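Now for the letters of each chain:
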Amino acid sequence: MADIDHMDQPFEIRPGTGDDLFMIAGVLVDTWRSAFRGLLADGFLDGLSREEQAVRHARRMGEPGVSYLVATEPSVGDVIGFANFGPARARLPAHIHELYALYVRAEYQGAGIGRALVRSMAVHCAGQGATSLFAWVLAGNPNRGFYERLGAKAVETGRIGLGDQSYEQVAYLWDDIAALARTTGGPS
Ligand SMILES: CC(C)(COP(=O)(O)OP(=O)(O)OC[C@H]1O[C@@H](n2cnc3c(N)ncnc32)[C@H](O)[C@@H]1OP(=O)(O)O)[C@@H](O)C(=O)NCCC(=O)NCCS
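Conventions we followed
- Residues numbered from 1 in each chain as written.
- Predicted model: local features only at pLDDT ≥ 70, side-chain atom pairs only at ≥ 80, totals over all residues.
- Heavy atoms only, no water.
- Pairing = 2+ DSSP bridges.
- Helix = DSSP H or I, 4+ residues; strand = E, 2+ residues; numbered from the N terminus.
- Salt bridge = Lys/Arg side-chain N within 4 Å of Asp/Glu carboxyl O.
- Buried < 20%, exposed > 50% of the residue type's maximum accessible area, 1.4 Å probe, protein only.

Enquirer: Could you clarify how one ought to interpret the pairing of strand β6 (residues 153-162) in this entry?
Expert: It is a general feature of regular strands that their side chains alternate between the two faces of the sheet. For β6 and strand β7 (residues 165-174), the ladder comprises 9 bridges, and the chain directions are antiparallel. When the sheet's bridge partners are listed, Ile160 is paired in β7 with Tyr167. Between β6 and the antiparallel strand that follows it, β7, lie 2 residues; Gly163 among them carries a positive phi value of about 65 degrees.

Below is the structure:
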């Protein structure tokens, strides 16, 4: 699975900036196509545009309280994964934060990058006063086990429209961010 043997040193995690937007968009489009083929409509996946995603994330990056973390491949500095999070999009108490997006390139999956991104995010959110964190995950996503492995609990179901289709989704909650930061390795 993981293709990190060629790296001189492990991946790095750092805050994402506007300079990363095009690479973030590339990770998103490529990962959606590889992870969700057969789950989401082919037309929707084929129609994803890196340029449109870069614009969408530039807008999101400018929203109050929204943060990005990127995982980079140290030898060339390419973004190989990212997490995007901030205040809950639904009207919820301010101490409940939301993970909006978490993607690791297929060839780097299974190497601890997702776990490291969640760990850094938990530390960051706790520093901003958040006490809990949740993420909406497609009900058919084969990676739901990742959230369960990291201690999140399925607490709610809902629906999401993507293209002209509607899909079931599940909210996974970490109800103790401090514990999440601790169990995944402590502050970074
Ligand atoms: C889900 C994703 C972010 C996980 O990142 P990753 O770097 O591959 O995961 P890690 O290597 O950090 O795994 C951390 C732990 O979760 C476990 N895990 C990872 N994926 C899993 C899965 N699909 N099912 C069950 N457990 C899983 C790992 O075995 C590991 O456990 P361990 O440390 O006890 O061995 C990544 O695989 C990905 O981007 N997938 C495609 C897109 C996606 O589904 N994103 C989430 C959208 S909501």
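Moving on from the coordinates now.
Enquirer: What is the right way to look at the pattern of salt bridges in this model?
Expert: Side chains bearing opposite charge may pair, as long as their charged atoms lie close to each other. Using the criterion set out here, one finds 5 salt bridges in the structure. Between Arg105 and Asp30 there is a salt bridge, and its shortest N-O distance comes to 2.8 Å. Of the two residues, Arg105 is situated in the loop between β4 (96-104) and α4 (113-127) and Asp30 in helix α1 (residues 21-36); the sequence distance between them amounts to 75 residues. Judged by relative accessible area, Asp30 falls into the partly exposed class, the value being 36%. A salt bridge links Arg89 to Glu98; the shortest N-O distance between them is 2.7 Å. Classification of Glu98 by relative accessible area gives buried; the value is 2%. Shared partners join several salt bridges into a network, and the residues in it are Arg37, Asp42 and Asp46.

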